[in-house]
Amino acid sequence: MTQALWVIIPAAGVGQRMNAGFPKQYLSLAGDTILDRTISIFIDHPMIAGIAVGLGAEDGYWPDSKWRNHKQVAVFVGGSTRSDTVRNGLQFLHEQQQIGCQSVLVHDAARPLLTATGLARIVENNHPQGAILAIPARDTVKCQTDTGKVKGTLDRNHIWLAQTPQKFPADVLYEALKKADQQALAVTDECSAMELIGWHPDLVVGESSNIKVTLPEDLLIAEALISQRH
Ligand SMILES: Nc1ccn([C@@H]2O[C@H](COP(=O)(O)OP(=O)(O)OP(=O)(O)O)[C@@H](O)[C@H]2O)c(=O)n1
Ligand SMILES: C[C@](O)(CO)[C@H](O)COP(=O)(O)O
């Protein structure tokens, strides 16, 4: 039986691309907020030790969360980028003596459709160099020239679309994120930072329903997917 893991949920974004007028993680989705629905995935899960939610410094919505007083849920102040928020979360958990070298999960607040099956795939196995949920590309993948023309076609047999959760040893991840920051490298996921220190994490097949709610149409897709689950 592998050790229960803390999950860090970066939820300090402003949702600029959603353009909702407030942070998208507080949009309603099938009767819950996106954030509450995402937290629900991990509550009372046998493999989850605790849930650390990174909030914006000016977040005034959290007090309305149904999970605000739950014994498994802790909150910390996020940063100006997603990777800053994750690093703050790692530092918070380290200061609370909740983590050391053991692995943590990082899961976007904006991915409320992760299923128990998807979560099991990444928590139930040991991954010496860490792991990410990802889905193999199904469309033909193009890269572009500087003027927005087709530059060429990538071999889609070697293209995966990264999702979350991503799982890495907490101490190594913290140092990798710090190194990326010191090198002014804007990493958009934890795996990118680990690659910078030479790690080759496992690609664990996720579910295409584990979408990141980014644009307004993603909310419609999420609603439709949830309606199919009941
Ligand atoms: N400084 C930031 C930026 C993003 N996030 C979180 O990282 C996740 C993925 O980021 P994204 O989908 O880009 O969310 P936003 O940054 O809010 O969206 P946008 O880029 O459109 O502003 C989200 O749960 C978001 O809340 C975060 O915790 N801290
Ligand atoms: C971490 C992630 O969800 C993997 O696809 C993605 O990189 C987040 O990107 P965002 O621009 O912060 O939404």
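Rules used throughout
Residues numbered from 1 in each chain as written. Chains lettered and ligands numbered in written order. Predicted model: local features only at pLDDT ≥ 70, side-chain atom pairs only at ≥ 80, totals over all residues. Heavy atoms only, no water. UniProt positions renumbered as here; feature names shortened; annotations may be inferred. Buried < 20%, exposed > 50% of the residue type's maximum accessible area, 1.4 Å probe, protein only. Contact = heavy atoms within 4.5 Å. Polar contact = N/O pair within 3.5 Å; in protein donor to acceptor, adjacent residues only side chain to side chain. Helix = DSSP H or I, 4+ residues; strand = E, 2+ residues; numbered from the N terminus. Expected span 1.5 Å × (residues − 1). Salt bridge = Lys/Arg side-chain N within 4 Å of Asp/Glu carboxyl O. Near = heavy atom within 4 Å. Areas by Shrake-Rupley, 256 points an atom, 1.4 Å probe, with all protein chains shown as cover. Nonpolar A, V, L, I, M, F, W, Y, C, P; charged D, E, K, R; others polar.

## Observations concerning the UniProt feature "site: Positions MEP for the nucleophilic attack" (unreviewed entry) in the chain
Part 1 of the argument: What UniProt calls "site: Positions MEP for the nucleophilic attack" (unreviewed entry) maps, in this numbering, to R156 and K212.
Part 2 of the argument: Overall, R156 belongs to the partly exposed group, its relative accessible area being 37%.
Part 3 of the argument: In contact with R156, other than residues within four places in its own chain, are A137, R138, D139, T140 and V141.
Part 4 of the argument: One polar contact links the side chain of R156 to the main-chain carbonyl oxygen of R138, over a distance of 3.3 Å.
Part 5 of the argument: Position of K212 among the secondary structure elements: in the loop between strand 11 (202–205) and helix 6 (216–229).
Part 6 of the argument: Here K212 falls in the partly exposed class, since its relative accessible area comes to 28%.
Part 7 of the argument: Among all residues touching K212, those that are not within four sequence positions of it are R17, D108, A110, R111 and D218.

## As for helix 2 (residues 82–95)
Part 1 of the argument: If you check helix 2, its first and last C-alpha atoms are 20 Å apart, about what 14 residues at 1.5 Å a residue would give, namely 20 Å.
Part 2 of the argument: Taken residue by residue, helix 2 has S83, D84, T85, V86, R87, G89, L90, F92 and L93 as its buried positions.
Part 3 of the argument: Buried residues belonging to helix 2 abut strand 1 (5–11), strand 4 (48–55), strand 5 (73–77), strand 6 (103–106), helix 4 (170–182) and helix 5 (190–196).

## Digging into the pattern of salt bridges
Part 1 of the argument: Taken as a whole and assessed by the stated rule, the structure comprises eight salt bridges.
Part 2 of the argument: For D84, the salt bridge is made with R87, and the minimal N-O distance between the two is 3.6 Å. Taken together, the residues D84 and R87, both in helix 2 and three residues apart, mark about one turn of the helix.
Part 3 of the argument: For D84, a relative accessible area of 17% corresponds to the buried category.
Part 4 of the argument: A relative accessible area of 14% means that R87 is categorised as buried.
Part 5 of the argument: Its salt-bridge partner being E175, residue K178 comes within 3.5 Å of it at the nearest N-O pair. With a gap of three residues between them, K178 and E175 both fall in helix 4, about one helical turn apart.
Part 6 of the argument: A single salt-bridge network, built from bridges that share partners, covers R82, D108, R111 and E190.

## Quick notes on the environment of E58
Part 1 of the argument: Within the secondary structure layout, E58 lies in the loop between strand 4 and strand 5.
Part 2 of the argument: Residue E58 is classed as exposed on the basis of its relative accessible area of 76%.
Part 3 of the argument: Along the primary structure E58 and A12 are separated by 46 residues, whereas in three dimensions their C-alpha atoms are 9.2 Å apart.

## Considering the site of ligand 1
Part 1 of the argument: P10, G15, Q16, R17 and K24 are the nearest of the 18 residues found near ligand 1.
Part 2 of the argument: Within the backbone of G15, an N or O atom sits 2.8 Å from an oxygen atom of ligand 1.
Part 3 of the argument: Backbone polar atom of S80 to a nitrogen atom of ligand 1: 3.4 Å apart, as the coordinates give it.
Part 4 of the argument: For ligand 1, whose free accessible area comes to 560 Å², the fraction covered by protein is 87%.
Part 5 of the argument: Those elements that place two or more of their residues in the shell around ligand 1 are strand 1 and helix 2.
Part 6 of the argument: Here the residues of the shell around ligand 1 are counted per class, giving six nonpolar, seven polar and five charged.

## With respect to unusual backbone geometry
Part 1 of the argument: For the bond from T164 to P165, the omega torsion is 10°, close enough to zero to count as cis.
Part 2 of the argument: You will see that Q97, though not glycine, has its phi angle at about 55°, which is positive.
Part 3 of the argument: Structurally, the position occupied by Q97 is in the loop between helix 2 and strand 6.
Part 4 of the argument: Note on Q97: relative accessible area 72%, which makes it exposed.
Part 5 of the argument: The phi dihedral of A184 falls on the positive side, at around 55°, and the residue is not glycine.
Part 6 of the argument: Among the structural elements, A184 can be located in the loop between helix 4 and helix 5.

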